[in-house]
Every structure is written in structure tokens, then in C-alpha cells.
Amino acid sequence: MDSPDRTQDTSQQRLQSAASFKEFMLKSSTKSNLNLYDHLTRLLVKVMDERPHNVVDVIEDMSCDVKRALFEEKQSTLRDLPPSTTAEPLADKQRLLFARSEEADQEEELVETCLPNVSEIGFYLEQAGVSLGREEMQRVFLALKQLVESQALLRCRLWGKILGTNSSYIVAEAEYREGEEEEESTEEAAEEEEREADTQENEDEMDPLPQSTHKPPPVVPKEAIGTGANKFVYYVCQEAGLPWVKLPSVSPAQITAARQIRKLFTGNLDTPVVSYPPFPGNEANYLRAQIARISAATQVSPQGFYHTGEEEGDEEDEAPRDSYEVNPDFEGIPVAEMAESLSTWVHHVQHILQQGRCTWVNLAVKPGEDSNEEGEAEEKEEEPDELEPEVGPPLLTPLSQDAEMFNTPPWSSKISSTLTSQHAVAVLRSNLWPGAYAYACGKKFENIYFGWGLKYAGVGYSPPVPPPPQPEYPSGPEITEAQDPSLEEEQALKESLEEQQAAQEELEDTDEEEEEEDDE
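So, here's what we can say about the structure. Predicted model only: the values in this text are computed from it and were never measured.

Thresholds, definitions, all that
Residues numbered from 1 in each chain as written. Predicted model: local features only at pLDDT ≥ 70, side-chain atom pairs only at ≥ 80, totals over all residues. Heavy atoms only, no water. Helix = DSSP H or I, 4+ residues; strand = E, 2+ residues; numbered from the N terminus. Buried < 20%, exposed > 50% of the residue type's maximum accessible area, 1.4 Å probe, protein only. Areas by Shrake-Rupley, 256 points an atom, 1.4 Å probe, with all protein chains shown as cover. Patch = residues over 30% accessible without salt bridge, like charges linked within 9 Å, V, L, I, M, F, W, Y side chains within 5 Å. Salt bridge = Lys/Arg side-chain N within 4 Å of Asp/Glu carboxyl O. Lys, Arg positive; Asp, Glu negative; His and termini not counted. Charge placed at Lys NZ, Arg CZ, Asp CG, Glu CD. Phe/Tyr/Trp six-rings, centres within 6.5 Å; stacked < 30°, edge-to-face > 60°. 1 Å grid on protein atoms, 1.4 Å probe; cavity = no way out; pocket = protein on both sides within 12 Å on 5 of 7 lines; lining within 4 Å. Points joined across faces, edges and corners; volume = space filled by probe spheres on them. Axes fitted to C-alpha atoms, helices over the stretch in contact; angles between N-to-C directions. Left-handed = near helix turned anticlockwise from the far one by under 90°. Contact = heavy atoms within 4.5 Å. Nonpolar A, V, L, I, M, F, W, Y, C, P; charged D, E, K, R; others polar. Arc of directions from axis to C-beta. Polar contact = N/O pair within 3.5 Å; in protein donor to acceptor, adjacent residues only side chain to side chain. Pairing = 2+ DSSP bridges.

Things to note about the overall build of the chain
Inference 1: In terms of helices and strands, the chain carries 14 helices and 12 strands.
Inference 2: Per-residue burial over the chain gives 30% buried out of 520 residues.
Inference 3: Surface accessibility of the chain: about 36700 Å² in total, with carbon and sulfur atoms responsible for 50%.

Right under this line is the structure:
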């Protein structure tokens, strides 16, 4: 028989070997990060729970099931869907631009479209080095077609694209048919009357407030729709396929304020314009004012393409010309000559005066003053100072007469290609309004604008300084504090007052004596 010491040594060796074997079984795999000890524990627990028939035959399958269960808990084979981008809903809306019906095809064969050939314009713009790209130009053309179909427009063209900090504006220039302008003007007049009636009702309801003696300068009236700065109507959209939004008509106050500020567009028409001087309106009004300014300064055409009507006669000398017609006898100007000389280009949009209008209006004469009394008319005749009407350059003025600003020529001209000059186009670029371009080739020409909507301001721009503060009250002897008199001055004043009083009493006594003598 073995001794107790030997049996104790063997038991310790077995415990050590069991501990080392357990430590071996607890080693994790480098592939699955599992260990044999935990796997066998789960497998035996599974066998005790299920007690399957012929365990020895299915033990391998049960081991695979245990491993598969651990794998499914940690990792799923299903993948999450990628988040949708903003381009997907825009693509869904732009897909409607390419949808066509059979009825529309039949109508296109019968009715002439008022849209220009945007594909041809895009080709010439590519020759000039200015373009939105063929794909975007095609989408813009389909968007313009959608606009024409939804509105009763006589003419519609791509004016350009104004960039913004968040999004840009695609601008379409349109002209209404006869009758539509009158309806729009009557609607605006009705809205103004409603506003005036509301303000009057509010004033009647409220307690009368102290009236100020300040007289604000007279408001320059807005030009009627179809004339001057409101000759055309403008629609904007952020991307081709999105709904078009009609811009409001522009007022002289908005044009005057836009000349004094510099603001980048945000892409939201409802954004307030925070500036000094304050701008009367939101970004939609500011955008419309900048479009009017850019159009008046950069819309040009080859000399001779337009001409004034001959029916006007002697009226041209009295009033500035505000209309023109297409010259059917125009045969075109050579491209090389148009690229060299600015006198071959002319302005065909009216100049905006300092008053904010294209036609000057006398603010001293109010409407309805013809029926006033003769006395008022005589007083007006006596007034020595009479306002001289402001007159701008007439229509179809050559570009060679444009003035320089900040020692910078207003225009730069070139030919698109000197290698193939027989197929080149004349390109004109505005230096005062960066982004305004024009091209001409034979009898074809077009104006386009791609920019931020800001005028060139020289080396640096400095905002205007606020005016000096107004005085709180007028300075005068009535409110000016005087120095206290001395004792001698008070005594002298007292003696003079006593002398005056005594003299007055003597006069009264003499008057009473004379009256008594007269009565006797």
C-alpha cells in the first residue's frame, strides 16, 4: 500500500494538472474570441435542458447551434438603409419636367412657342466661355416651358442666375399679354386701398396722439406695370423643377436704398434685409431692385437691331423715348468689328435716374392740383426756384459713351476664337457689374447674367456713416438759463420800475382831469 505522503503528492499533481488544463481551456480563440471551457459549459447545459435521443449522434450539430446562437446575438446580417439625400426629392420633381403627353405634342405643332431656343443660346454661351452646362441648361429650358404653360405670357427668356450663400436664384424675364397687366395693377391698387382703410380705422379707434411737425419728403410714385423699371415681370426658382415665384414690382425707394447698401443673397425670399440705410422690404424686393439695376446697365444689343418708331414725329424731341421696334432691314455687323469697337453696341433698356424711376416726375405738383383756386396758382408762380427735370441718356445710346468708374473701363470686348474667326462670336463683358455678359453673331445676340448681384465697388467698400444726432430742442433766450443779477442791478431795476409806475399814475391822473373838464 502507498504511503499517505505519496497519495497526497499525487492528488496535488492532479489538481495542478486540472488547473493547468482548465487554464488551457479558458484560452480564447484568435478568430471567434471564444474559449472551449465556456463552449462546453453551454453545450452541456443545452444537452441537460433538451435531453435529445442519441446524443452522441447529434452532439456536433448541437455544438454548431450553440456557436451560431452566439454569432447571431453579436452581429446581424441585415444592413441599414443609407439615409436619403436632398438630391433624391429634387430628382423626383425634375422627373416631371421630362414627362410629356400626346395632347401637349399636338398643341406644340399648332401653336408657336414664345420661348427662345435655349439650346442654341447655350451653345453660343459655351463659345463665349460662360455657361451653366448643357444638362442644367436643358433642365432650365424645360422649367421655362412649364412656366409658360402655367402663365399667360407673351414672351419669356432666361435672364440669368444670381448666386446666394445658401441657394441660388434662377431668374426668368417675362412679358404679359394685353389685359393681364391691367388686372394685376387693379389688384395692387385694391390692396393699397385696403391697407389705407385699415390704417384709418386703427387711427379712429385709438386715442389721438400728439402730431409731429416733421414733414417727410414726398414719396416718389411707383412706375406702372409695363413701363420703366416695371416693364417686365420676373419669376425666380431655386432649382429647375421647383415652383416658380413671381417677384413684386419695384418702387423708386427700393432702388434708391439698394444703391446705398451691399448685401449677399441668402436664397430665401422672406429673409429680412438688415442694413443701413434701412431697406424698405425683404429679400424678394431687394432681388427685384438689383435685377432692375443690372438690366438697365447691362442689357445691350448690336447697333441697328432696334430702331425707334417713325410715327412719333416731333414728340421725340419733347419727351424721352421709351419704346423701340425690331429693325427688319438689319443685316448684322461683322464679328471682328463688334469685338473691337464699343460704338457698335447700344443700350436698349431705359436708364434709371437718381429719382429711382426711368421717367422723371415733379414731386412739387400733386395730382389733382389743376382744379385748385387761382390764389394758390399765383403763389406757385411767384416761387423763384423751379425744379429742373432730370434727363438721362436716351435709348439706343452707344456703349462708347459710358463713363468710367474707379479708373476702370465699363466694358471689355473680345472675340471667342482667333483661330477660327469665321465661326467665332463677339463677346462683351461688363466690368461694373461682374457676371453680365452679351454675345452677338450675325443677327443673333443675347444677354445673360451669372453672378452675386453686386456692383463693382472699387478697391474697398466702406458703409455710409450714420448722420449726426438731431438737437433735442431749439436753443433760444426763452429756455436759456441766465445769470443771477447782483444787488446793485436789482436796486437799479427796482428804482426804474418805481419810476415807470409813478409816471404811469401821473398819466392816469392827467387823463381823469381832462375827462372831467370835458364833461363840464
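A look at unusual backbone geometry
Inference 1: The omega torsion of the bond from tyrosine 276 to proline 277 falls at -5 degrees, within 30 degrees of zero and hence cis.
Inference 2: Structurally, the position occupied by proline 277 is in the loop between α9 (252–258) and α10 (283–298).
Inference 3: Phi is positive for arginine 51, which is not a glycine, with a value near 45 degrees.
Inference 4: Phi at asparagine 407 takes a positive value of approximately 55 degrees, unusual for a residue other than glycine.
Inference 5: You can see asparagine 407 is positioned in the loop between α13 (374–382) and β9 (411–415).

Examining a negative patch on the surface
Inference 1: A surface patch of like charges, here negative, comprises Glu505, Glu506, Glu508, Asp509, Asp511, Glu512, Glu513, Glu514, Glu515, Glu516, Glu517 and Asp518.
Inference 2: Within the element layout of this structure, glutamate 516 appears in helix α14 (residues 487–519).
Inference 3: Among the residues examined, glutamate 516 registers a relative accessible area of 51% and is labelled exposed.

Description of the packing of aromatic side chains
Inference 1: Scanning the model with the defined rule gives 13 aromatic pairs in all.
Inference 2: When the centroid spacing of 6.3 Å and the interplanar angle of 90 degrees are considered together, the rings of tyrosine 306 and phenylalanine 445 count as edge-to-face. With a gap of 139 residues between them, tyrosine 306 in strand β6 (residues 306–307) and phenylalanine 445 in strand β12 (residues 444–451) connect regions that are remote in the sequence.
Inference 3: On the basis of relative accessible area, tyrosine 306 is assigned to the buried category, the value being 16%.
Inference 4: By relative accessible area, phenylalanine 445 is classed as buried at 16%.
Inference 5: Following the ring pairs from residue to residue traces out a cluster consisting of Phe305, Tyr306, Tyr324, Phe330 and Phe445.

Concerning empty space enclosed by the protein
Inference 1: Enumeration according to the criterion identifies two cavities of 30 Å³ or more in this entry.
Inference 2: Empty space within the second largest cavity amounts to approximately 40 Å³.
Inference 3: The wall of the second largest cavity is formed by Trp159, Ile294, Thr298, Gln299, Ala436, Tyr437, Asn447, Ile448 and Tyr449.
Inference 4: Mapped onto the lining of the second largest cavity, the elements with two or more residues apiece are α10, β11 (436–441) and β12.
Inference 5: Considering every element that reaches the lining of the second largest cavity, the biggest residue donor is β12, with three residues.

Here's the deal with the pattern of salt bridges
Inference 1: Summed over all chains, the structure comprises nine salt bridges.
Inference 2: Arginine 134 serves as the salt-bridge partner of glutamate 126, at 3.2 Å between the closest nitrogen and oxygen.
Inference 3: Its relative accessible area of 66% is what places arginine 134 among the exposed residues.
Inference 4: A network of salt bridges, in which partner residues are shared, links Arg155, Arg157, Glu173, Glu175 and Glu446.

A look at the packing of helix α6 (residues 118–128) against helix α7 (residues 134–150)
Helices that pack against each other are described as a pair by the angle of their axes relative to one another and the distance between those axes.
Inference 1: Relative orientation of the contacting elements α6 and α7 amounts to 150 degrees, with a least axis distance of 9 Å. Crossing hand, α6 versus α7: right-handed. Of the residues in α7, those touching α6 at Val118, Ser119, Gly122 and Glu126 are Arg134, Met137, Gln138, Phe141 and Leu144.
Inference 2: Taken together, the residues that form the contact of α6 with α7 break down as four nonpolar, three polar and two charged.

Observations concerning α6
Inference 1: Within the sequence span of α6, burial applies to Val118, Ile121, Gly122, Tyr124, Leu125 and Ala128. Viewed along the axis of α6, the buried residues span an arc of 165 degrees, placing them on a single side of the element.
Inference 2: In this fold, the buried residues of α6 make contact with α7, β9, β10 (426–430), β11 and β12.
Inference 3: For α6, the capping residue at the N-terminal end is asparagine 117, with a side-chain oxygen 3.3 Å from the backbone nitrogen of serine 119.
Inference 4: Following α6 by one or two positions, glycine 129 adopts a phi angle in the positive range, close to 85 degrees.

Digging into the sheet that holds strand β1 (residues 153–162)
Inference 1: With respect to topology, eight strands assemble into an open sheet ordered β4-β3-β2-β1-β12-β11-β10-β9, the strand pairing being mixed. Of all strands in the sheet, those with a lone pairing partner are β4 (245–246) and β9, marking the two edges.
Inference 2: Packing of α10 onto the sheet brings it into contact with β1, β2 (169–176), β3 (233–237), β9, β10, β11 and β12, and relative to β1 it is tilted by some 100 degrees.

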